[in-house]
Amino acid sequence: MPVQNAEVAGIFERVADLLEIQGANPFRVRAYRNAAQVVRSLPHALHELVEREEDLSKLPGIGRDLAAKIEEIVRTGSLALLEEIGREIPLSLIELLALPGLGPKRVRALHEELGIRTIRDLERAARAGRLRDLPGFGEKTERAVLAAIEKHAVGERRTLWIEAEDVVRTLTSFLEADPGVKRITAAGSFRRKRETVGDLDILVTCRRGAKIADRFVGHEDVAEVVSKGETRSTVILRSGLQVDLRVVPQVSYGAALQYFTGSKAHNVAVRRLAVKKGLKINEYGVFRGKQRVAGRTEQEVYAAVGLPFIEPELREDRGEIEAARRNRLPHLIRVEDIRGDLHVHTKASDGHATIEEMALAARRLGYSWLAISDHTRATRVAGGMDARAMRRHLRRIEEADARIKGIRLLKSAEVDILEDGSLDLPDAVLEEMDIVVCAIHSGFRLSREKQTERILRAMDHPCFHVLAHPTGRLIGRREPYEIDLERVIAAAAERGCFLEVNAQPLRMDLTDIWCKAAREAGVKLALATDAHDVAQLELMRLAVGNARRGWLEAGDVLNTLSWSKLKRVLSASG
DNA sequence: GCCGTTTTCGGCCCGACTGTTTTCAGTCG
């Protein structure tokens, strides 16, 4: 099994952690962290680039040294440097860094002064009261360390975007009740629409800082106040989600919004541009010397460094700065561009609403068409239909389509791709459908080679249109199955097939970086809620958010087409 | 360790809060 990009990134992250504990040059540490990030968001398998003898030092942030180290990891599965460092200090020190309040300096002191190597060692020392006498430590720190260890055992988890959205709604209306408040915006990874968020950053402009902080930490969902100040307060909610409140004056709103929206890597890149122009950017504005030259809006901030506005979803330092410089930023797709949903269920399989109910709900959303895609026989647990049942079901879709005005219903199904790559319905039934959505629901453990071949074989079927939830992952619950997405994308481009962006909050599949890769390969995407009831039709905003993170424009997705155009595209592909 | 329409050497983003400090280091985002 070839070395994956994530493993390379993991090794670089460990090297960075350990170098930092050793007190190495901070810029060298940053180089490793930066390289880890670049490798992680790279839509190409490093082992293939190495095989093809491509010049890795052309990658941003990768020079001759790191290129050689990537090659070493890909070829040998390990890195001599890491083993070398491991002979100097225990690798287990990395786990100590995960504890809040412990950074590289303190971890180093713990190791050097007390011989601590693991969290277990640390817990014993803290209970014995041996931490408080170390320079820079005290009783309070000792207690905090113990508390952190206890929490660590519970394990931390990122929060799904949609759950964060709920918290944002609650807190926003709570804070708005304070008459001094002017504006409230949730920034951070939530605003960038990442599939999960680590914490929430809420930005507030108001007349008096102190009062709003009091109100904030007093919310009934707050379990713990981590810190509280005039401009910044941090709490942990009962759900475990950390929320930061930032209070800034009106004139700084744009600068603060830009700053706290991130990503960190994007901000670093923007500030680098500012430095070159003799400017300084912080959360209060853009400054030349002591003179504030911008900061009221985000547009002003970007303009100050000579860039057009960059949409939050693009701010990941994945080429957006360069694109902005050349005025080549994509015109990102918007929710208003969507004219239909390409994959929803009904009571005919495991949905909870009838065809009619789904159709009327879609019409209320302003859609002009809707694809009804219920399960087939192989997915028995979900009430999958065999050929006869599916035929009857298709007739019912036709009847509903004739009866309900103002929306077009597409005959479809979520057809199982069987282990041999064949489709789970006879060709004659597939040929009756407007759009054939295909998916894997079993045989997740096939080898990468076999899984990929299975999908390519399915794509060879003349009726195949869309590959639904292409990697099968469930965030935090199930890893994606082994699959060579680069080959799948190339094959889809060749055959004129489409890849789905599934909006179910746990799926969000394809992910942003693969959306971008598909777009670059000329493959169109099919946004779909996979809705199992009427309310879930509104998950479309999640698919759109993901699509925007993947640089997709209206022209890159099927959902922006009118029914007549969609029909032409589908028959050309089928 | 990377990078270069000011540089192949000398830079490399910035501020708030906490705790242990008597003016600041460490951590965090």
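Residues numbered from 1 in each chain as written. Chains lettered and ligands numbered in written order. Predicted model: local features only at pLDDT ≥ 70, side-chain atom pairs only at ≥ 80, totals over all residues. Heavy atoms only, no water.

(A) Main features of the overall build of chain A. Looking only at helices and strands, one finds 24 helices and 17 strands in chain A. By principal-axis analysis of the C-alpha atoms, chain A measures approximately 80 × 60 × 50 Å. Summed over its atoms, the accessible surface of chain A is roughly 26,400 Å², and 48% of this surface lies on carbon and sulfur atoms. Distance between charge centres in chain A, computed from 91 positive and 85 negative side chains, equals 5 Å. (Helix = DSSP H or I, 4+ residues; strand = E, 2+ residues; numbered from the N terminus. Areas by Shrake-Rupley, 256 points an atom, 1.4 Å probe, with all protein chains shown as cover. Lys, Arg positive; Asp, Glu negative; His and termini not counted. Charge placed at Lys NZ, Arg CZ, Asp CG, Glu CD.)

(B) Expanded view of the sheet that holds strand β10 (residues 291-294). What the 3 strands build is an open sheet, ordered β8-β9-β10; its pairing is antiparallel. Single-partner strands in this sheet number two, and they are β8 (280-282) and β10. If you compare each strand with its neighbour and ignore which way they point, the axes differ by 40° on average. Bridge count for β8 against strand β9 (residues 285-288) is 3 bridges, and the pairing is antiparallel. From the neighbouring strand, Asn282 faces β9, where its bridge partner is Gly285. (Pairing = 2+ DSSP bridges. Axes fitted to C-alpha atoms, helices over the stretch in contact; angles between N-to-C directions.)

(C) Seen up close, the sheet that holds strand β6 (residues 232-237). Strands sit in the order β2-β4-β7-β6-β5 across an open sheet of 5 strands; the sheet is mixed. Edge positions in the sheet fall to β2 (181-186) and β5 (222-228), since each has one partner strand and no second. Sheet twist, expressed as the average angle between the axes of neighbouring strands with direction ignored, equals 20°. Relative to β6, β5 runs antiparallel, the two being bridged by 5 bridges. The residue bridging Val225 from the neighbouring strand is Val235, located in β6. Against the sheet, helix α10 (residues 161-176) touches β2, β4 (199-206), β6 and β7 (242-248), its axis set at about 25° to β4. Helix-sheet contacts for helix α13 (residues 253-261) involve β2, β4 and β7, and the interaxial angle to β4 is about 175°. (Contact = heavy atoms within 4.5 Å.)

(D) Region of the structure containing a positive patch on the surface. Where like charges cluster on the molecular surface, the positive patch consists of Arg30, Lys264, Arg272 and Lys276. Here the positive patch gets 3 residues from one element, more than from any other, and that element is helix α14 (residues 264-276). (Patch = residues over 30% accessible without salt bridge, like charges linked within 9 Å, V, L, I, M, F, W, Y side chains within 5 Å. Salt bridge = Lys/Arg side-chain N within 4 Å of Asp/Glu carboxyl O.)

(E) Broad picture of the nonpolar core. Membership of the largest hydrophobic core comes to 97 residues, with the highest contact counts inside it found for Met459, Leu499 and Leu527. Among the elements that make up this core, the one with the highest residue count is α10 (6 residues). Taken domain by domain, this core gets at least three of its residues from each of domain 2 (159-247) and domain 4 (335-572). Excluding its chain neighbours within four sequence positions, the residues that come into contact with Leu527 are Ile333, Ile338, Asp341, Leu342, Val501, Met540, Ala543, Val544, Ala547, Val557 and Asn559. (Core = buried A, V, L, I, M, F, W, Y, C linked by side-chain atoms within 4.5 Å. Buried < 20%, exposed > 50% of the residue type's maximum accessible area, 1.4 Å probe, protein only. Domains from an automatic or database assignment.)

(F) Structural context of helix α17 (residues 355-364). If you check which residues of α17 are buried, you get Ile355, Met358, Ala359, Ala361 and Ala362. Buried residues along α17 cover an arc of 165° about the axis, so they all sit on one side. Elements in contact with the buried residues of α17: β11 (340-344), β12 (369-375), α18 (387-403) and β13 (408-416). Where α17 terminates, the next one or two residues include Gly366, which has phi positive at roughly 90°. (Arc of directions from axis to C-beta.)

(G) Representation of the packing of helix α1 (residues 5-21) against helix α5 (residues 80-88) in the model. Viewed as axis vectors pointing N to C, α1 and α5 meet at an angle of 35°, and their least axial separation amounts to 10 Å. For the pair α1 and α5, the crossing hand works out as left-handed. Only Leu81, Leu82 and Ile85 of α5 make contact with α1, whose side of the interface consists of Ile11, Arg14, Val15, Leu18 and Leu19. Here the contact of α1 with α5 is composed, by residue class, of 7 nonpolar, no polar and 1 charged. (Left-handed = near helix turned anticlockwise from the far one by under 90°. Nonpolar A, V, L, I, M, F, W, Y, C, P; charged D, E, K, R; others polar.)

(H) A look at the protein's contact with DNA strand B. Residues in close proximity to DNA strand B total 49 residues, the closest being Arg30, Gly63, Gly101, Gly138 and Arg271. What you see for DNA strand B is that sugar and phosphate hold 73% of its atoms within 4 Å of the protein. At a separation of 3.0 Å, a phosphate oxygen of DNA strand B approaches a polar backbone atom of Gly138. Tyr259 places a polar side-chain atom, nitrogen or oxygen, 2.9 Å from a base nitrogen of DNA strand B. Within the residue set of the surface near DNA strand B, elements represented by two or more residues are α2 (26-40), α4 (64-76), α7 (104-114), α9 (139-154), β5, β7, α14 and β8. (Near = heavy atom within 4 Å. Polar contact = N/O pair within 3.5 Å; in protein donor to acceptor, adjacent residues only side chain to side chain.)

(I) Fine view of the domain arrangement of chain A. You can read the domains of chain A as domain 1 (5-154), domain 2 (159-247), domain 3 (252-325) and domain 4 (335-572). If you average the C-alpha positions of domain 3 and of domain 4, the two centres end up 39 Å apart. Contacts between domain 3 and domain 4 engage 8 residues on the former and 7 residues on the latter. Contact with domain 4 buries surface across domain 3, with Glu313, Leu314 and Arg318 losing the most and accounting together for 77% of the total. Between Arg549 and Glu316 there is a salt bridge whose closest N-O contact spans 3.0 Å. (Buried area = accessible area lost by both parts, 1.4 Å probe.)

(J) Region of the structure containing the packing of aromatic side chains. Summed over all chains, the structure comprises 5 aromatic pairs. Residues Phe12 and Tyr32 carry aromatic rings whose centres are separated by 5.8 Å and whose planes lie at 70° to one another, so their mutual orientation is edge-to-face. Highlighted residues: Phe12 in helix α1 and Tyr32 in helix α2, separated in sequence by 20 residues. The exposure class assigned to Tyr32 is buried, which follows from its relative accessible area of 4%. Between Trp161 and Phe190 the ring centres are 5.0 Å apart and the planes differ by 5°, which places this aromatic pair in the stacked class. Of this pair, Trp161 sits in helix α10 while Phe190 sits in helix α11 (residues 188-191), and the two are 29 residues apart along the sequence. Grouping residues by exposure puts Trp161 and Phe190 together as buried. When the ring centre of Tyr253 is taken as origin, the NZ or CZ atom of Arg183, which lies over that ring, is 4.0 Å away. (Phe/Tyr/Trp six-rings, centres within 6.5 Å; stacked < 30°, edge-to-face > 60°. Lys NZ or Arg CZ within 6 Å of the ring centre and 35° of its normal.)

(K) Structural detail: the state of the cysteines. Tallied over the entire structure, the rule returns 0 disulfides. No disulfide involves Cys463; its nearest neighbouring cysteine sulfur is the one of Cys438, lying 8.9 Å away. (Disulfide = S-S within 2.5 Å.)

(L) Up close: the packing of α1 against α2. Axis separation between α1 and α2 bottoms out at 8 Å; the angle between their running directions is 165°. Comparing their axes, α2 and α1 come out roughly antiparallel. Like other packed secondary-structure pairs, α1 and α2 cross with a definite hand, here left-handed. Only Arg28, Val29, Tyr32, Arg33, Ala35, Ala36, Val39 and Arg40 of α2 make contact with α1, whose side of the interface consists of Asn5, Ala6, Val8, Ala9, Gly10, Phe12, Glu13, Val15, Ala16, Asp17, Leu19 and Glu20. (Parallel < 35°, antiparallel > 145°, perpendicular 65-115°, else oblique.)

(M) Spatial organisation of helix α24 (residues 563-573). All of the buried residues along α24 are Trp563, Leu566, Leu570 and Ser573. Viewed end-on, α24 has its buried residues packed into an arc of 90°, placing them on one side of the element. In α24, the exposed residues that point more than 90 degrees away from the buried face are Arg568, Ser571 and Ala572. Buried residues in α24 make contact with β11, β12, β13, β14 (435-439), α21 (485-495) and β16 (498-502).

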